[in-house]
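Understanding the architecture of this molecule
Residues per chain, in single letters:
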Amino acid sequence: QKVSVEVLDHLEHLALVDFRDLEGVERLQKAIQFADQLHEVNTDGVEPMDSVLEDRCLYLREDDVTEGNCTKELMENAREKVEEYFVAPPGNIPLLKLEERETFLPGS
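Conventions adopted
- Residue positions within a chain follow its written sequence, with the count starting from 1.
- Owing to the predicted nature of the model, reporting of local features is limited to residues with pLDDT of at least 70; listing and counting of side-chain atom pairs is limited to 80 or more, with chain, interface and lining totals taken over all residues.
- Side-chain numbers here rest on the full set of heavy atoms in the structure, without hydrogens or water.
- In this text, helices come from DSSP runs of H or I with a minimum length of four residues, and strands from runs of E with a minimum of two, each type numbered from the N-terminal end.
- For every residue, the accessible area obtained with a 1.4 Å probe (protein chains only) is divided by the maximum for its type, and the residue is called buried under 20%, exposed over 50%, and partly exposed between those limits.
- Throughout, a contact is declared for two residues whenever any of their heavy atoms are within 4.5 Å.
- We define the nonpolar core as a collection of buried residues of types Ala, Val, Leu, Ile, Met, Phe, Trp, Tyr and Cys that are connected through side-chain atoms lying within 4.5 Å of one another.
- A patch consists of residues whose relative accessible area exceeds 30% and which take part in no salt bridge; residues with like charges are grouped when within 9 Å of each other, and nonpolar side chains (Val, Leu, Ile, Met, Phe, Trp, Tyr) when within 5 Å.
- Note on areas: Shrake-Rupley with a 1.4 Å probe; residue coverage comes only from the protein chains shown.
- Basic side-chain nitrogens of Lys or Arg form a salt bridge, by our definition, when they fall within 4 Å of a carboxyl oxygen of Asp or Glu.
- pLDDT is a per-residue confidence score from the predictor, ranging from 0 to 100.
- To be clear, the arc concerns the directions from the helix axis to the C-beta atoms.

**Considerations on the overall build of the chain**
From N to C terminus, the chain includes three helices and two strands. Of the regular secondary structure in the chain, the N- to C-terminal order runs α-α-α-β-β. Residues counted as buried form 14% of the 108 residues belonging to the chain. Within the chain, contacts between residues separated by at least 24 positions form 61% of all contacts whose residues are at least 6 apart in sequence.

Right, here's the structure in full:
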């Protein structure tokens, strides 16, 4: 199943992912092909579940703090930081409008 330019544009905006190269488009198409196998499964009469473990009683363990006071070591893992805070990737990255972008979809 081929991905249309409009679907690709919609997915880019939802996921904040840029599929401007052929490899990204091919990976997306392979993922869709893999997921399409689910349409072949007969789910008639199967009730939806909240969890695959819903028939079991899940117990919470005690949360015992055994180590701590390691802020300096943790902050060494940060790619970017401001003062003593991790800097997360920015959200809502603006993407160019569909007509302003080059696409790598065959036949587009």
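**Brief notes about the nonpolar core**
Taken as a class, soluble globular proteins show a tendency for nonpolar side chains to be buried jointly. Counting residues in hydrophobic clusters, the biggest one holds five residues: Val3, Leu8, Phe19, Val25 and Leu28. When sequence neighbours within four positions are dropped, the list of residues in contact with Phe19 reads Leu8, Leu11, Glu12, Gly24, Val25 and Leu28.

**So, a nonpolar patch on the surface**
Taken together, Met49, Val52, Leu53 and Leu58 make up a surface patch of nonpolar side chains, about 410 Å² in accessible area. Within the element layout of this structure, Met49 appears in the loop between helix H2 (22-36) and helix H3 (71-75).

**Let's talk about the pattern of salt bridges**
As enumerated under the stated definition, the model contains one salt bridge in all. Across the pair Glu23 and Arg27 runs a salt bridge whose closest N-O atoms are separated by 3.1 Å. Note that Glu23 and Arg27 are positioned in helix H2 at a spacing of four residues, about one turn of the helix. Residue classification places Arg27 among the exposed residues on the basis of a relative accessible area of 59%.

**Some thoughts on unusual backbone geometry**
Despite not being glycine, Asn69 shows a phi value in the positive range, around 55°. Its location among the elements puts Asn69 in the loop between H2 and H3. What makes Asn69 exposed here is its relative accessible area of 81%. You will see that Glu83, though not glycine, has its phi angle at about 55°, which is positive. Secondary-structure assignment places Glu83 in the loop between strand S1 (81-82) and strand S2 (85-86). On the basis of relative accessible area, Glu83 is assigned to the exposed category, the value being 66%.

**Observations regarding the confidence of the model for the chain**
Considering every residue of the chain, the mean pLDDT works out to 80; 81% of them sit at 70 or more. Within the chain, helix H1 (residues 5-15) has the poorest average pLDDT of any element, 82, and H3 the best, 89.

**Some thoughts on H1**
Counting along an α-helix, one turn takes 3.6 residues, and residues three or four places apart therefore face a common direction. For H1, the set of buried residues is Val5, Leu8, Asp9 and Glu12. Along the axis of H1, the buried residues cluster in a sector spanning 100°; they form a single face. Turned more than 90 degrees away from the buried face of H1 sit Glu6 and Leu14, all of them exposed. Buried residues along H1 sit in contact with H2. Note on H1: the residue one or two positions beyond its end, Leu16, has a positive phi of about 55°.

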